[in-house]
Amino acid sequence: LPKYDDEGWIELYHHLLMLRSKLTFDQLVGINIQHGEDRSIIRTVPGQLNASSALCSNHVMRSGRHFAAFTHAGSAMIGVIRPVQINDGDLDLNLARYWGYLLGQRTDRWADSNVHVCSMFTTGGFGWCDWTRGQGGRWIDGFHCDTPFGLLLDLDEGMLSMYQNGRRVTTLKDGLSGEYCWYAKVIFGASISIERGSAPLE
């Protein structure tokens, strides 16, 4: 794990330990979200309809290859985001009116990439955003909506790829650099679990 010039050895060691620990959703944003049986599971709150998000903000990825496996039910978005801290409980990470707030947390550790969030939709779509001008997206051929999938963030190559049924389905986005963490967004009775893993062999 590379050490930043302004980073102490204790902070570096803490990040290294977190990258070896169980993945958990440490930051919940919104009124329609709660943990499940443990902090690696999130689900919506019965009776609520708002979209809400969760971030694995204690597990910051800055270099190397990182794979996470996801099991999902219902309507959700799953991907990577900059490791921002959200103080507004009603903030929607996908609404343009909040982009200035999110970009206000930018540091040199984000490097020079303008890919600040990119995620899979459990319906089979994909999108990304730079929090300034908008976002791009597309549909993923070969994605099975009712099947668990995995995401590989390869910061050596600057790519986010999606895996399903033991094989790589597609590269979702290139040009990623700097720090990211896993995140998910749930709505309408959705639930998501996350687990650290290893990418299947190509």
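The rules behind each value
Residues numbered from 1 in each chain as written. Predicted model: local features only at pLDDT ≥ 70, side-chain atom pairs only at ≥ 80, totals over all residues. Heavy atoms only, no water. Helix = DSSP H or I, 4+ residues; strand = E, 2+ residues; numbered from the N terminus. Rg over C-alpha atoms; globule rule 2.2 N^0.38 Å. Buried < 20%, exposed > 50% of the residue type's maximum accessible area, 1.4 Å probe, protein only. Core = buried A, V, L, I, M, F, W, Y, C linked by side-chain atoms within 4.5 Å. Contact = heavy atoms within 4.5 Å. Polar contact = N/O pair within 3.5 Å; in protein donor to acceptor, adjacent residues only side chain to side chain. Phe/Tyr/Trp six-rings, centres within 6.5 Å; stacked < 30°, edge-to-face > 60°. Lys NZ or Arg CZ within 6 Å of the ring centre and 35° of its normal. Pairing = 2+ DSSP bridges.

Enquirer: What is the right way to read the overall build of the protein chain from this model?
Expert: For the protein chain, the count of helices and strands is 2 helices and 12 strands. Taken from N to C terminus, the helices and strands of the protein chain fall in the order α-β-β-β-β-β-α-β-β-β-β-β-β-β. The C-alpha radius of gyration computed for the protein chain amounts to 16 Å, which stays within 12% of the reference 17 Å derived for 202 residues, consistent with globular compactness. Along the three orthogonal principal directions, the C-alpha set of the protein chain runs to about 45 × 40 × 35 Å. Residues counted as buried form 52% of the 202 residues belonging to the protein chain.

Enquirer: It is not clear to me how the nonpolar core should be interpreted in this structure. Could you clarify?
Expert: Most often, soluble globular proteins keep nonpolar side chains buried together rather than apart. Ranked by size, the top nonpolar core spans 36 residues in total, and within it Leu151 and Trp182 carry the most contacts. Sorting the residues of this core by element identifies β5 (65–81), β6 (117–121), β7 (125–129), β9 (149–154), β10 (159–164), β11 (167–174) and β12 (181–197) as the ones contributing at least two each. Ranked by the residues each element gives to this core, the list is headed by β12, at 6 residues. Counting 15 residues, the second-largest nonpolar core is a separate cluster that includes Leu55, Val84, Leu102 and Trp110.

Enquirer: When you look at the environment of histidine 116 in this model, what are you seeing that I'm missing?
Expert: With respect to the element layout, histidine 116 can be found in the loop between α2 (99–103) and β6. Look at histidine 116 and you get buried, because its relative accessible area is 1%. Each C-alpha atom, one on histidine 116 and one on valine 45, is 28 Å from the other, the two residues being 71 residues apart in sequence. When neighbours within four sequence positions are excluded, histidine 116 is seen to be in contact with Val80, Ile81, Arg82, Leu103, Arg106, Trp110, Cys129, Asp130, Trp131 and Tyr180.

Enquirer: What is the right way to read the side chain of serine 52 from this model?
Expert: Residue placement: serine 52 occurs in strand β4 (residues 52–55). Its relative accessible area of 1% is what places serine 52 among the buried residues. Within the local environment of serine 52, its side chain forms a polar contact with the backbone nitrogen of asparagine 32, the two atoms lying 3.0 Å apart. If sequence neighbours within four positions are ignored, serine 52 has contacts with Val29, Gly30, Ile31, Asn32, Ile33, Ala184, Lys185 and Val186.

Enquirer: What is the right way to look at the packing of aromatic side chains in this model?
Expert: The relation between two aromatic rings is expressed through the spacing of the ring centres and the mutual angle of the planes. Under the criterion given, the structure shown has 5 aromatic pairs. Residues phenylalanine 143 and phenylalanine 149 carry aromatic rings whose centres are separated by 5.6 Å and whose planes lie at 75° to one another, so their mutual orientation is edge-to-face. Phenylalanine 143 sits in the buried class, given a relative accessible area of 10%. The exposure class assigned to phenylalanine 149 is buried, which follows from its relative accessible area of 4%. One aromatic cluster is present, formed by Phe70, Phe143, Phe149 and Trp182 through successive ring pairs. We note lysine 3 situated over the ring of tryptophan 9; from NZ or CZ to the ring centre the distance is 5.1 Å. One cation-aromatic arrangement involves lysine 173 over tryptophan 128; the distance from NZ or CZ to the ring centre is 4.5 Å.

Enquirer: Would you explain the pairing of β6 in this entry?
Expert: Along any regular strand, the residues point their side chains to alternate faces of the sheet. Most of β6 is tucked away: 4 of the 5 residues are buried. Here 5 bridges tie β5 to β6, and the two strands are oriented antiparallel to one another. Residue pairing across strands places isoleucine 81 opposite valine 117, the latter belonging to β6. Across 4 bridges, the pairing between β6 and β7 is antiparallel. Considered in β7, the bridge of serine 119 is made with glycine 127.

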